[in-house]
Amino acid sequence: MEAGVPSARSRALAVLRVRSRASAVGLLPAALAVVLVAARMTGRLAGDPWPTVTLVVCVVAALVLLVGGAFAAVVLRASPAVTPTVPLSEAAAPDLYRLVRDLADRMDVPPPSAIALTPDCDSWLEDRTHVAHRRGAARRSAGTAGPVGPESEPGAAPVLVIGSPFLWWMRVAELRAVLAPVVAGTGPSAHPDIADARGFVRGLDAAVDVGGRRGLGWIAPPARLLLRLCRTDAAEMERGVAAAASDRAQGVDYGLRIVAQEQVGLAYAGWDRLLTRVALPAWRMGRWPAHLDAGVVSALTELSRRDRLAEGFTSRLGERPACDLLEQPGLIDEATSLLAARLFHGGPAKAGPDWSPVDWAAYPEEVVDRKWRTEAARLHAALDALAVPAGLPAGPSGSTAPAPSSGSPGAAVLPGRSRGSAGTAGPATLAAADSPSPTADGFAGPTLERVLRYLTELGGEAAAGEALAGRLSGELAREERAAGPAAGSGKARGADAVPLFPLQPPRSGRDLLADHVTAMVCCAAVDSAGATPGLDWLDGPVLLVGGDRRSDLAPRVLSLVEEGNPEPLRDWLSALGVRPEKPVRLV
């Protein structure tokens, strides 16, 4: 017997004792009522005040039983949280199922009932035998005319959830070594006491969530109290289960597992960079990269090339990748990529006209270029808004300059907006005029020169940048609020409350201004100097000049934004042949 099994069983019994004590407390008034009624019927408690006492105790017992029964029903029937995953049937991955069953046979444990993929760098076992899960599986199977999966049957083994980046980055032998201790966890999980204790804790957790609904707030406090009482024992029980699984897996690819753990850390680093630097800009544009798992291989290969600590890792790429265990890896990659967009960004669950996939080959043109031009349009729209109010620069005769008309090149507008007679935003597409006319702020636009002069001539010491950054922050917040209700009307719960794991905190006004100025510079470089948008697997959108990445732009933009000093950026533009006075094409 593994070392951790006795400890896990004893802790499971401790959790179950908490449940038994809670049941005893709920039954105590009823037991007292039974004693009083029996005593009254036998004449042992005759006379006052026993009739009144018996009646009060019986009423209290009935109320406690009613409340306790309702609470127990909620704990038993409330649906525990289930991780959103991509189900993987045996027909879609027969070799992977064969590998997992071989692992289970070698360790003499029950095989997992099913396999699912998650867009994360982790693997675990998940119990899906709750009655609520069976009802959900039955509804899904009714829509697809298929049978309910074996993972939902009473007494079924847990589902093996595998991080999808592992399948694309790891080799078959490495995946087998990493999964061995996870699969070994099905052994302790099959013990009745451990399974019962886990079910009780999951039910309490689900009851806390149910307590957030209207009219059911009274359920949450006792559920939280019971969770606190069994928290320590439940945590120690899980540690014992993990220790037992690790001990059982010692004899299966132990040496290779040590090496494979290095790949787990590397995969996590590459996956995080790919999501935050590459996928997130596309998601914000209403596009989702359709092959994130394939992209992580490119990202990790690039990381191995740059990082001396990762040298030699790419030599593994000649071995058989674990994604070869799938029958159609491209379709699985697309499904997990869509799920990643939903979990980390809150995108729709299905593709649509405003939520379409994008291939890596089209990413520079359809995401990077569009991102730059959208941000450049937002920047010029903010400049227009700051120039329109009272205090406009005077014209040559001392009169106030007129507000920009809908047809002037300086009237930059954002996609999806229209400019009407009241001066609201304009059409989705704006072509730059050959000869720009002056706008209300006295600068020509939409040009990079207009941005440079505004940030250096108005106020000095980057005072103008503060106002512009505030305007951009407000505009972006309004856009996000306008898009928010469409994504999820009503109050979502559990796995439906997406995004579950937001990738980045809100950006500061200065960061937004620097991003928008950088986008304007890139647009000018593309339009007047022959530069092209590009994709770096670790850093996301980049500017390519002559096929080479220019990574020296950021400090020059920061000098302009933070210090109001345009000279470093002007020198950089001059060296590349960028013409700041030339109008740029906006979206």
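Being a predicted model, the structure only gives us computed values, none of them experimental.

## Examining the overall build of the chain
Of the regular secondary structure elements, the chain holds 18 helices and nine strands. Put simply, the chain has 587 residues, and 44% of those count as buried. In the chain, 76% of the contacts between residues at least 6 apart in sequence involve partners at least 24 apart. Here the chain displays about 27,900 Å² of accessible surface, and carbon together with sulfur accounts for 56% of that area.

## Notes on the packing of helix α3 (residues 94-107) against helix α6 (residues 172-184)
Two elements in contact, α3 and α6, have axes whose closest approach is 10 Å; the angle formed by their N-to-C orientations is 55°. Judged by the angle between their axes, α3 and α6 are oblique. The two elements α3 and α6 meet at a crossing, and its hand is right-handed. The segment α3 lies against α6, with Leu96, Leu99, Val100, Leu103, Ala104, Arg106 and Met107 engaging Val172, Leu175, Arg176, Leu179, Ala180, Val183 and Ala184. Here the contact of α3 with α6 is composed, by residue class, of 12 nonpolar, no polar and two charged.

## Quick notes on the pattern of salt bridges
Once the charged atoms of two side chains with opposite charge are near each other, the side chains can pair. Considering all chains together, one arrives at 27 salt bridges under this definition. For the salt bridge of Asp539 with Arg277, the shortest nitrogen-to-oxygen distance reads 3.3 Å. Placement of Asp539 in the loop between β7 (532-536) and β8 (540-545) and of Arg277 in helix α10 (residues 254-284) is noted, with a sequence separation of 262 residues between them. Measuring nitrogen to oxygen at the nearest pair gives 3.3 Å for the salt bridge that ties Arg579 to Glu581. The exposure class assigned to Glu581 is partly exposed, which follows from its relative accessible area of 43%. Through salt bridges with shared partners, a single network forms among Arg273, Arg277, Asp536, Asp539 and Arg549.

## Quick look at the packing of aromatic side chains
Per the counting criterion, the structure on display carries two aromatic pairs. When the ring of Trp360 is compared with that of Trp537, the centres are 4.9 Å apart and the planes differ by 75°; the resulting orientation is edge-to-face. Of this pair, Trp360 sits in the loop between β6 (356-358) and α13 (363-387) while Trp537 sits in the loop between β7 and β8; the two residues are 177 residues apart in sequence, bridging distant segments of the chain. Residue classification places Trp360 among the buried positions, given a relative accessible area of 16%. Here the aromatic residues Trp360, Tyr363 and Trp537 are joined through ring pairs into a cluster of three or more.

## A few points about the side chain of Thr85
Following the sequence through the fold, Thr85 ends up in the loop between α2 (50-77) and β1 (86-88). One polar contact links Thr85 to Arg128, side chain to side chain, over a distance of 3.1 Å. Residues within four places of Thr85 in sequence aside, it is in contact with Ala116, Leu117, Thr118, Arg128, Val161 and Leu339.

## Description of the sheet that holds strand β3 (residues 123-126)
Within the open sheet, the four strands sit side by side as β1-β2-β4-β3. Their pairing is mixed. One side of each edge strand has no neighbouring strand; the edge strands of this open sheet are β1 and β3. Each strand axis lies, on average, 30° off the axis of its neighbour in the sheet, ignoring direction. As paired elements, β1 and strand β2 (residues 114-118) share three bridges and run antiparallel to each other. Following the sheet pairing, Pro87 is matched in β2 by Ala116. Taken strand by strand, α6 contacts β3 and β4 (159-163), and its axis lies near 145° from that of β4. Where helix α12 (residues 329-345) meets the sheet, it contacts β1 and β2, and its direction lies at approximately 155° from that of β1.

## Focus: unusual backbone geometry
With an omega dihedral of 0°, the bond running from Asp48 to Pro49 counts as a cis peptide bond. With respect to the helices and strands, Pro49 occurs in the loop between α1 (4-41) and α2. The backbone phi angle of Asp108 is positive, close to 60°, even though this residue is not glycine. If you trace the backbone, Asp108 turns up in the loop between α3 and β2.

## Some remarks on the sheet that holds strand β9 (residues 548-549)
Strand pairing in a sheet takes place through backbone hydrogen bonds and is either antiparallel or parallel in direction. Taken in spatial order, the three strands line up as β7-β8-β9 in an open sheet, and their pairing is antiparallel. Of all the strands in the sheet, just β7 and β9 have a single pairing partner and so form its edges. Here β8 runs beside β9; their pairing, made up of two bridges, is antiparallel. Residue pairing in the sheet places Val545 in a bridge with Asp548 of β9. Against the sheet, α10 touches β7 and β8, its axis set at about 95° to β8.

## Some remarks on a nonpolar patch on the surface
Side chains of Tyr254, Leu256, Ile258 and Val259 sit close together on the surface and give an oily, nonpolar patch of about 340 Å² of accessible area. Turning to its location among the elements, Leu256 is positioned in helix α10.

## Side note on the confidence of the model for the chain
Summary statistics for the chain give a mean pLDDT of 82 and a share of 79% for residues scoring 70 or more. A low-confidence stretch, residues 388-443 stays under pLDDT 50, and its non-local contacts, those more than four residues away or across chains, total 98 contacts. A low-confidence stretch, residues 485-493 (pLDDT under 50), is modelled with six contacts involving residues beyond four sequence positions or located in other chains.

Cut-offs applied
Numbering of residues starts from 1 in every chain and runs along the sequence as written. Confidence filtering applies because this is a predicted model: local features only for residues at pLDDT of at least 70, side-chain atom pairs given and counted only at 80 or more, and all residues used for totals across whole chains, interfaces and linings. Heavy atoms from the whole structure form the basis of all side-chain values; hydrogens and water molecules are not counted. Think of it this way: any DSSP run of H or I at least four residues long counts as a helix, any run of E at least two long counts as a strand, and we number them from the N terminus. Each residue is assigned to one of three classes by its accessible area relative to the maximum for its type, calculated with a 1.4 Å probe on protein chains only: buried under 20%, partly exposed between the two thresholds, exposed over 50%. Only heavy atoms enter the contact rule, under which two residues are in contact if any of them lie within 4.5 Å. Per-residue accessibility takes into account occlusion by the displayed protein chains alone, with areas from the Shrake-Rupley method and a 1.4 Å probe. Axis lines are fitted to C-alpha atoms, over the contacting stretch for helices. Their N-to-C directions set the angle, which ranges from 0 to 180 degrees. Put simply, angles under 35 degrees are roughly parallel, angles over 145 are roughly antiparallel, angles from 65 to 115 are roughly perpendicular, and the rest are oblique. Each crossing is labelled by how the near helix is turned from the far one, with a counterclockwise turn of less than a right angle marking it left-handed and a clockwise turn marking it right-handed. Polarity classes work like this: nonpolar for Ala, Val, Leu, Ile, Met, Phe, Trp, Tyr, Cys and Pro, charged for Asp, Glu, Lys and Arg, and polar for all others, with Gly in that last group. Take a side-chain nitrogen of Lys or Arg and a carboxyl oxygen of Asp or Glu: if they are within 4 Å of each other, that pair is a salt bridge. Two rings from Phe, Tyr or Trp (for Trp, the six-membered ring) form a pair when their centres sit within 6.5 Å of each other. Planes less than 30 degrees apart are called stacked, planes more than 60 degrees apart edge-to-face, and all others tilted. Distance and chemistry together define a polar contact, namely a pair of N or O atoms within 3.5 Å, with one atom able to donate a hydrogen and the other to accept it when in protein, and with adjacent residues in sequence counting only for side-chain atoms on both sides. Whether two strands pair depends on DSSP finding at least two bridges between them. For patch building, the residue pool is restricted to those with more than 30% relative accessible area and no salt bridge; the joining distance is 9 Å between like charges and 5 Å between nonpolar side chains (Val, Leu, Ile, Met, Phe, Trp, Tyr). How sure the predictor is of each residue is captured by pLDDT, a score from 0 to 100.

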